Amino acid sequence: MTDFSIIGKPIAMVDAAGKTTGSGKYTDDLNLPGMLVGRILHSPFPHARIKRIDTSRAAALDGVVAIVTGKDAPNPYGILPVGHDEHALALDKVRYVGDNVACVAAIDEATADQALELIDVEYEVLPAYFDPEESMKAEADLIHDNKPHNLEKDYHHVFGDPDKGFADADHVAEARFIANEVTHAAMEPHSTLAQFEIDSQTGKRGRLTVWSSTQVPYYLQHKLSLVLEMPMAQIRVIKPLVGGGFGGKSEVIPLEIIAAIAARAARAPVKITYTREEVFWAHRGRPRTIIDLKTCVKNDGRITAVKARVIQDGGAYCSYGVVTILYSGALLGALYDIPNIQYDGYRVLTNKPACGAMRGHGTVNVRFAFESQLDELAAKINLDPADIRQRNLLQPPCVTVNGLRVQSYGLPECIEKVVERSGWKQRKGKLPRSRGLGIACSHYVSGAANSIIRSDMPHSTVNIKIDRDGGVVVYTGASEIGQGSDTMTAQIAAETLGCSLGRVKIVAADTDLTPIDIGSYSSRVTFMAGNATLRAAEQVKKQIAAAAARKMSCAPEELIFRDDSVFRKNGHVGTAAFGRPAEQGSSASVSGRVEGQILRGSLQQKRKDEGPKDWMTFEEAVVAAIDFHGALTGTGSYAPPPEARGGKHKGGGVGPSPAYSYSAQVAEVSVDEETGEVTVHKVWAAHDCGRALNPVSVEGQIIGSVWMGMGQALTEEMVWKDGMLMNPGLLEYRSPSSVESPEVEPIIVESIDPEGPFGAKECSEGSLAATIPAIANAIYDAVGVRLHEVPFTPERVLAALRAQRGQKKINLTEGIDPTAPAKFREHGGSLWFRGKGPERHPLDPARREGPAEAAGGD
Amino acid sequence: MKKELIELRVNSRSYELAVEPSKLLLDALRQDLQLTGSKRGCDDSSCGACTVQVDGVPMLSCTMLAASCERQEITTIEGVSGHGSLAAIQKAYGDWGGAQCGFCTPGFIMTVTHLLAENPRPTEEDIRGALSGNLCRCTGYSQMYQAIKAAIEAEQKGMAEAR
């Protein structure tokens, strides 16, 4: 059936009104009686041993209720089973500036802040590592004792015969690409509220309830159980509204555990909300990545082999690191047909906040390198950049050389669409000097086929309950984080049951109420939770159909559910659409909704007397089903099929997905050759999302991804100096504002995946990766320079332009601070540690005191 | 710090509050009045999520002292919808995808309602300029422009019908 009544139509999200009126509650909006405020003391050193912590002065302060340190929760944890290397509060060592040392729970924020000042910590400062290539040489003072050379993990994969591929090639391109570190910067700072109950039987401390801004409530429940040594059944995690995640809330963040420890020690509810600066330290963003890439092609543009050596600067803890480094290699495949791949990936530890999963997890930086290099090769063999991509398409259904199964594949159409809409053929190469067009493609998984905790359990389970009121309640563990998860669930349930959206209520992401769902990450929710919803709804529908068919004296298969009614396919009246008599339809809705139960009862009696019917209202059918079955509930679950779970090689579990989304983009940019400033005028972005369940949301996700990719391409960068983040504020980090944001034309391509719910796949991440190389390629088209380092800041663009003309590089930091890295920007943000940070260099502008040196005398 | 008694007028209602002289307007709204629609998204008045209107002018409530707002008319997001229904701009933000995670939305709506009061027919450039003090991380802003245009149309249609 392609004629849908609910899906495919642009609708407002089911929770939109709560967001636009301010009545929706995020974690920090919640308050409990007697609630305390928690504040965390962070390390001022990038690498140090903790010799002694003295909290006595702080504890004596009036209003301080509890102070907790590492020894209050000594169990290690981490999001990956192979990476249990974190402690919520440092046990013996701190490993980055901002690492968590102690937490104060006090009656208000001012008291807690004051108490932090009174905690005495004695550190033994250790040598620190900031550069991954330096860190890999380390012999002593390792960041983690069990990780020699500070190497978290390395993988070496060979698929096909790369040597033969290199030998067969006519053209080779080889270069080093660098993508600097970026972070999610979701608008809502992380927040957690934790409360213990007293057990009625024992009279002692009992169950724990945690409200948290998380994408993964069930993982949080699991890790809390591990650290607090409580059974999972004693822990309830509730996810209120979440103000954006992008991966930054897709694992357990220290404050989530610290709040629980503090609540336990304080014997009162504790809420901790990060400041924006703390959010930057919590990080888990996209690591700085060094990519040595070699791509080989034949004269006709066919790729013969790819070799990539990738080093990721992972920060101080494992986090999702092992998965990130595997994604970087695995998703070299499944976009184009590449017969031979050699991949060497190194995930390296450094003394900086841990990197983790961020939108387009692991694929983005490598995609930038690959698509830039492909563009370079196209120029070499004098082929249109759009054509070289068309010549390397997969022939699905197929399995790639590295074991990824591809079924639906909308990439060819995506390329055609953006080429057409952007006027590529007519305009490419004909724009005025310093204005250019660039094309690039990308893809992403619709959920990982293998969950991070190895088990055979379903990845998503959904329960549906329908009562005599005809209300459909869907219980799903999927986490709405702004992407439209709840709306998608409601749409699929309503479409399947043929009822109106208004009947469907969503109860989501509460570990006590909802069945397990592994969370909102790797773009898995529509595909997996959507399929589970579909199956649960079909189960319920079957029960309703059986009862309704009895009443109508027909076979259940003959019934159609639509527009809040159930009717026979070939009903004898057939006056109105779908065979449902129009006037009866209206009277039924009156009886059901307005006139209430009593009238409805008598109407039903009247109908009973009249004998079998051709149609029933949804409510009547539900009542019939409950009378017949005794109760009306359904359960559906989803686990990826074994064929989609990938190869058996080491690390082969990361990369496989039941379906991949595809994107092709054209960017139009201009470059100011005097200043090096790049302006993106427009991006045409075609995205194959399988089927667009809610087009307005799909377009929103495409635009949002492209926009975030543009941010990484042009302005966003975490700037470090001796392990200290120099720009921990939204303006200094340079998240683009409305005036810096280009027009994005989203183009939806529907390839109808055979296994997706109604054919749907992911739409929230796959588009991001193409934007960066599309802009890079457009810059090349505009001014003829090939940029190898992201972001393309005016400094880097200008340096490349001057190099092209044989001019000397301008050193913007000359005379300011000789120890500062070239990318140094003045730290204009918030206070750093209230003066507790390491000594600044005498020439550091932030250290200048008094008006003497400041030119303006301010 | 010793508290002082102040009188705040918020969304056309008067409240008597005891607050420290250092208390920020945002904290007074969120903590003392439980008006949690205004959000805190940053430490340094860079994000605009806390925007409220003071005497009709959009202001960052995270950088104003509550005590300095006495005798001024404060409007928060909770004061935008009237008669228990969505204002045109709120409806349009929902319909056109102007809000995804929704955390920045109250701040944007306070900015936009001021823009539309000042300039009922803004060009896209006017809109971009007006919104540049508010940050959003989800939408890339595009769908907000559509929402704002739709809200203007809806308002005009509503006014035409009323005539």
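Asks: What am I meant to see in the overall build of chain A here?
Replies: Counting its regular elements, chain A contains 22 helices and 31 strands. Counting only residues that meet the buried cut, chain A has 61% of its 858 residues in that class. The long-range share in chain A, meaning contacts at least 24 apart out of those at least 6 apart in sequence, stands at 79%.

Asks: Got a minute to help me understand the overall build of chain B in this structure?
Replies: Secondary structure summary: chain B contains 5 helices and 5 strands in total. For chain B, the C-alpha radius of gyration of 16 Å lies close to 15 Å, the compact-globule estimate for 163 residues. The dimensions of chain B, computed from C-alpha atoms along their principal axes, are 50 × 35 × 25 Å. Across the 163 residues of chain B, 52% fall into the buried class.

Asks: Even after reading the chapter, I still don't get the domain arrangement of chain B, so can you show me in this structure?
Replies: The parts lose accessible area when they come together, and the size of an interface is often stated as this lost area. Residues and elements named next belong to chain B. Here the domain parsing of chain B yields domain 1 (4-79) and domain 2 (88-162). One C-alpha centre belongs to domain 1, the other to domain 2, and the line joining them spans 22 Å. Listed as interface residues are 15 residues of domain 1 and, on the opposing side, 12 residues of domain 2. With 3 residues, strand β3 (residues 51-54) is the single largest residue contributor to the side of domain 1 that touches domain 2.

Asks: Looking at this structure, how should I read unusual backbone geometry?
Replies: Among all residues except glycine, the phi angle is most often negative; among peptide bonds, the trans geometry is most common. Residues and elements named next belong to chain A. Cis geometry is adopted by the peptide bond preceding Pro 397, which originates at Pro 396 and carries an omega value of 0°. That bond from Val 790 to Pro 791 is cis: its omega, 0°, falls within 30 degrees of zero. Here Pro 791 lies in the loop between β31 (789-790) and α22 (794-804). Of note, Ser 319 is a non-glycine position whose phi angle comes to about 50°, a positive value. For Ser 319, the position within the fold is in the loop between β14 (303-313) and α9 (321-330).

Asks: Looking at this structure, I do not really get the interface of chain B and chain A. What am I missing?
Replies: Counting from both sides, the interface comprises 41 residues of chain B and, opposite them, 48 residues of chain A. Listing elements by their share of the side of chain B that touches chain A, those giving two or more residues are α2 (88-95), α3 (105-118), α4 (124-131) and α5 (142-162) of chain B. Considering each element in turn, the side of chain B that touches chain A owes the most residues, 4 residues, to α2(B). In the side of chain B that touches chain A, the residues fall into 18 nonpolar, 17 polar and 6 charged.

Asks: How should I be thinking about the confidence of the model for chain A in this particular structure?
Replies: When pLDDT is low, close inspection of the predicted coordinates is not appropriate. Of all residues in chain A, 89% have pLDDT values of 70 or greater, and the mean over the chain is 91. Segment residues 572-596 of chain A: pLDDT under 50, and 31 contacts once partners within four positions in sequence are set aside and those in other chains are kept.

Asks: I'm lost on the domain arrangement of chain A in this one. Help?
Replies: Residue and element names in this part refer to chain A. According to the domain assignment, chain A consists of domain 1 (31-126 + 188-243 + 249-282), domain 2 (148-183 + 284-451 + 645-802) and domain 3 (457-638). Contacts between the two partners involve 21 residues from domain 2, matched on the other side by 18 residues from domain 3. Those elements that place two or more of their residues in the side of domain 2 that touches domain 3 are β18 (435-445) and α19 (695-714). Across the side of domain 2 that touches domain 3, the residue classes tally to 9 nonpolar, 9 polar and 3 charged.

Asks: Would you mind going over the sheet that holds strand β23 (residues 565-568) of chain A with me for this structure?
Replies: Through backbone hydrogen bonds, the strands of a sheet pair up, either in parallel or in antiparallel fashion. Residues and elements named next belong to chain A. If you walk across this open sheet you meet the 3 strands as β22-β23-β24, and the pairing is antiparallel. What marks the edges here is a single partner per strand, and that holds for β22 (559-562) and β24 (615-617). Within the sheet, the average angular offset between the axes of one strand and its neighbour, ignoring direction, is 15°. Alignment of β23 against β24, held across 3 bridges, turns out to be antiparallel. By the bridge assignment, Val 566 is partnered in β24 with Met 616. Across the face of the sheet, helix α18 (residues 618-629) comes into contact with β23 and β24 while running at roughly 90° to β24.

Asks: Could you clarify how one ought to interpret the environment of A:Val101 in this entry?
Replies: Residue and element names in this part refer to chain A. With respect to the secondary-structure elements, Val 101 resides in strand β5 (residues 100-106). C-alpha separation for the pair Val 101 and Ile 119, spaced 18 residues apart in sequence, amounts to 10 Å. Excluding its chain neighbours within four sequence positions, the residues that come into contact with Val 101 are Leu 41, His 42, Ser 43, Leu 89, Ala 90, Val 94 and Val 121.

Asks: Explain the packing of helix α14 (residues 485-497) of chain A against helix α15 (residues 525-552) of chain A to me, please; I cannot follow it from the model alone.
Replies: Relative orientation and spacing of two packed helices are given, respectively, by the angle between their axes and the distance between those axes. All names here are of chain A. Two numbers describe how α14 lies on α15: the axes approach to 9 Å, and their chain directions differ by 30°. One element, α14, and the other, α15, form an angle in the roughly parallel class. Classified by chirality, the crossing of α15 by α14 is right-handed. Contact residues: α14 offers Ser 485, Met 488, Thr 489, Ile 492, Ala 493, Thr 496 and Leu 497, while α15 offers Val 525, Thr 526, Ala 529, Gly 530, Thr 533, Leu 534, Ala 537, Glu 538, Val 540 and Lys 541. For the contact of α14 with α15, the class distribution of residues is 9 nonpolar, 6 polar and 2 charged.

Asks: It is not clear to me how helix α21 (residues 768-783) of chain A should be interpreted in this structure. Could you clarify?
Replies: Given 3.6 residues per turn, any residue in an α-helix points the same way as the ones three and four places further on. Between its first and last C-alpha, α21(A) extends 24 Å over 16 residues, near the 22 Å set by a 1.5 Å rise per residue. A:Gly784 occupies a position one or two residues after α21(A) and carries a positive phi of about 75°.

Asks: I tried to follow the pairing of strand β4 (residues 57-60) of chain B on my own but got confused; where do I start?
Replies: Two faces make up the sheet, and in a regular strand the side chains alternate between them. All names here are of chain B. Judged by which residues are buried, β4 turns out to be one-sided: Pro 58 and Leu 60 face inward and are buried, whereas Val 57 and Met 59, on the alternate face, are not. Pairing between β3 and β4: 4 bridges, direction antiparallel. By the bridge assignment, Gln 53 is partnered in β4 with Pro 58.

Reading the values: the criteria
Residues numbered from 1 in each chain as written. Chains lettered and ligands numbered in written order. Predicted model: local features only at pLDDT ≥ 70, side-chain atom pairs only at ≥ 80, totals over all residues. Helix = DSSP H or I, 4+ residues; strand = E, 2+ residues; numbered from the N terminus. Buried ≥ 20, exposed ≤ 12 C-beta atoms within 10 Å, placed from the backbone. Contact = placed C-beta atoms within 7 Å. Rg over C-alpha atoms; globule rule 2.2 N^0.38 Å. Domains from an automatic or database assignment. Nonpolar A, V, L, I, M, F, W, Y, C, P; charged D, E, K, R; others polar. pLDDT = per-residue confidence, 0-100. Pairing = 2+ DSSP bridges. Axes fitted to C-alpha atoms, helices over the stretch in contact; angles between N-to-C directions. Parallel < 35°, antiparallel > 145°, perpendicular 65-115°, else oblique. Left-handed = near helix turned anticlockwise from the far one by under 90°. Expected span 1.5 Å × (residues − 1).

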